[in-house]
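Reading the structure
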Amino acid sequence: MNIRWGGSVWELMLVKRAVGTALSNSASGGYSTLLRDGARNLVGHADLLNGKRAVAALVTVSAVAGGALTAATMKATPHLKTKFCSAAQDTAEEATEAASDPIEEPETFQGPRLRAV
């Protein structure tokens, strides 16, 4: 994938480098393929790989995973719907039973009442 912008051509690339190394900073503000270790010593060059294949593989994996997730959701929906509907019905029955139970009133004080004067 080449993108032209201004006088430059941009390409999508993957970088393959050894563990414990980092790309060098370039004078243009980007990175160069020179590899440096933690002490900033030059230890080699990174390999640049074509990014088109990685993007194509990522799209393929995403499509397959999305399709599998959709199929699993569609298969599980009727079972979940039945389970949640019965749970909601049980809750409604418990609420009806609780509403029909008599409520005991607390005893009220039957002594003399006070009036404001």
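Residues numbered from 1 in each chain as written. Predicted model: local features only at pLDDT ≥ 70, side-chain atom pairs only at ≥ 80, totals over all residues. Heavy atoms only, no water.

**Some words on the pairing of strand β5 (residues 31–36)**
Threshold: When DSSP locates at least two bridges between a pair of strands, those strands are taken to pair. What counts as a helix is a DSSP run of H or I of at least four residues, what counts as a strand is a run of E of at least two, and both are numbered from the N terminus.
Where strand β4 (residues 22–25) meets β5, four bridges bridge the pair, whose relative direction is antiparallel. In the strand pairing of β5, A22 is matched with R36. Here β4 hands over to β5 after five residues, with G29 in that stretch at a positive phi of 100°. Counted between consecutive antiparallel strands, the loop separating β5 from strand β6 (residues 42–45) contains five residues, among which R40 sits at a positive phi close to 70°.

**As for the sheet that holds β5**
Each strand in a sheet pairs with its neighbour through backbone hydrogen bonds, running either in the same direction (parallel) or in the opposite one (antiparallel). Quick reminder of the rule: Helix axes are fitted to C-alpha atoms over the stretch in contact, other axes to C-alpha atoms as well, and angles between N-to-C directions run from 0 to 180 degrees.
What the three strands build is an open sheet, ordered β4-β5-β6; its pairing is antiparallel. Edge positions in the open sheet fall to β4 and β6, since each of these has one partner strand only. Direction aside, the axes of adjacent strands within the sheet are offset by 55° on average. Pairing analysis gives three bridges linking β5 to β6, with the strands arranged antiparallel. Note on β6: the bridge partner recorded for L35 is G44.

**Focus: the confidence of the model for the protein**
Put simply, the rule is: Along the chain, pLDDT gives the predictor's confidence residue by residue, from 0 to 100.
Residue-level pLDDT values for the protein average 79, and 66% of them are 70 or greater. Mean pLDDT values for the elements of the protein range from 66 in strand β1 (residues 2–5) up to 93 in β6.

**So, the environment of T33**
Heads up, the condition is: Exposure classes here rest on a 1.4 Å probe applied to the protein chains alone. A residue is buried below 20% of its type maximum, exposed above 50%, and partly exposed in between. Contacts were defined at the residue level, with two residues in contact if any of their heavy atoms lie within 4.5 Å.
Structurally, T33 can be placed in strand β5. For T33, a relative accessible area of 29% corresponds to the partly exposed category. Between the alpha carbons of T33 and D47 there is a distance of 7.5 Å; along the sequence they are 14 residues apart. In this structure T33 touches L23, G44, H45, A46 and L48, once residues within four positions along its chain are discounted.

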